[in-house]
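# Structural characterization, general
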Amino acid sequence: MVYILFDNPVDRTKMRFLTKYMHTPFKEIYPEQKCNSIKSMIKECQKCIDNSGDNDTIVCWYDFMGILCWWLCKLKRKKRKIIVLNILLKKKETLKNKVVRRLYRIALHSKNLEATVTSKEYGKWINNILGINKGYTILHDIYFDNTKNEHQTEIDSNSVFCGGRNGRDWEFYFELAASMPDVTFKCVMPQNQYEEYKVLISPNVQVKYDIPENEFLELLNSSQLVVMPLDTEAPAGLIALFQAATYGKMVITTDTVTTREYFSGDRGVLCKRNIKDWEEAIRYYLGNIGEAKMKVDNLVGFLEEECSESKYAEVLERLIRNE
């Protein structure tokens, strides 16, 4: 039997497509509430292991729960095949991160654990920081082309948008905004990060924090471009960047081993952490709407072909069948 273990019950609705596209029998397992602690994750992993049998497959939507499942099986001598979906490992020199990297390194060596990554280069990057030689399946993040509002939103001229939580380089974003006082910079961020960076916010920046998704999307849709400086090579911001494509917004983001998978090849603009490069790119595409639209169309074509729900289910099913 195949069990797909999730960390958040709200994922139930958006993952309904699995039933539509997958032919292999499986059972989805959701916690009663979101797993916000290691203790809650261990509890859900243990429950799933106890309710499964020898040689069953446990697919983990949240990568760290997959690593926990593998360790629990090892400690309890349970034989399960573990599939970890889209590893999200960062390189930090904190004690916590060093411990986590060791847990990943040992688990990824196992023949009973398969893992996916969202880009080929990121898989190589993971192997490099862990000092291993693991083969990964490429499983692109899902492009849900169903978030667009029916009504037309008035576009604010000379405006850009950045929003979200993990991996955003807010310090760089506000430094960039200060260097371009004639451009409106909109952003949506967590309140704690707003408190941390508010002294850097210049008058041409409009900030909101902890707002509902519909308001988030309204601000995105009312901007000309979406710009997203990132502070990590790991996957970050892809959901918001896919939403940008849905709303027809060209993307300028940081050049990383992850973003190159999606936004290279005239599907967006990739920049290093250099204010001048970002400023030139923003000014150019604010003034060249036709070229910006061409890149958006290229991105949407790629996402519809390579990141669709049916493609995701197809790759996942092949992995489960060990094809």
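Note: the structure precedes this text.
Structure report, in brief. (Residues numbered from 1 in each chain as written. Predicted model: local features only at pLDDT ≥ 70, side-chain atom pairs only at ≥ 80, totals over all residues. Heavy atoms only, no water.)

## Some points on the overall build of the chain
- For the chain, the helix and strand inventory stands at 14 helices and 12 strands.
- The globule rule puts the C-alpha radius of gyration for 323 residues at 20 Å, and the 21 Å found for the chain is close to it.
- Each principal axis of the C-alpha distribution contributes one length, and for the chain these read about 65 × 45 × 35 Å.
- Counting every position in the chain, which comprises 323 residues, the buried fraction comes to 53%.
- Counted over contacts in the chain with a minimum sequence separation of 6, partners at least 24 positions apart contribute 69%.
- When the accessible surface of the chain is split by element, carbon and sulfur atoms take 47% of a total near 15,900 Å². (Helix = DSSP H or I, 4+ residues; strand = E, 2+ residues; numbered from the N terminus. Rg over C-alpha atoms; globule rule 2.2 N^0.38 Å. Buried < 20%, exposed > 50% of the residue type's maximum accessible area, 1.4 Å probe, protein only. Contact = heavy atoms within 4.5 Å. Areas by Shrake-Rupley, 256 points an atom, 1.4 Å probe, with all protein chains shown as cover.)

## Focus: the nonpolar core
- Counting residues in hydrophobic clusters, the biggest one holds 55 residues, and the most contacted among them are Y173, F185, I252, I282 and L303.
- In terms of nonpolar packing, the next biggest core, distinct from the first, is built from 39 residues, F64, L68, I82 and V84 among them. (Core = buried A, V, L, I, M, F, W, Y, C linked by side-chain atoms within 4.5 Å.)

## Here's the deal with the sheet that holds strand β5 (residues 113-117)
- Read from one edge of the open sheet, six strands run β2-β1-β3-β4-β5-β6, paired in parallel fashion. Edge strands, defined here as strands with exactly one partner in the open sheet, are β2 (27-29) and β6 (137-138).
- Across the sheet, helix α4 (residues 63-76) touches β1 (2-5), β3 (57-60), β4 (81-84) and β5, and the angle it forms with β4 is around 160°. (Pairing = 2+ DSSP bridges. Axes fitted to C-alpha atoms, helices over the stretch in contact; angles between N-to-C directions.)

## Some details on the sheet that holds strand β11 (residues 250-254)
- Ordered in space as β9-β8-β7-β10-β11-β12, the six strands form an open sheet in which the pairing is parallel. Only two strands of the sheet have a single partner each, and these edge strands are β9 (205-209) and β12 (269-271). When the angles between neighbouring strand axes are averaged without regard to direction, this sheet yields 20°.
- Sheet analysis places strand β10 (residues 225-228) next to β11, joined by four bridges and oriented parallel. The residue bridging V227 from the neighbouring strand is I252, located in β11.

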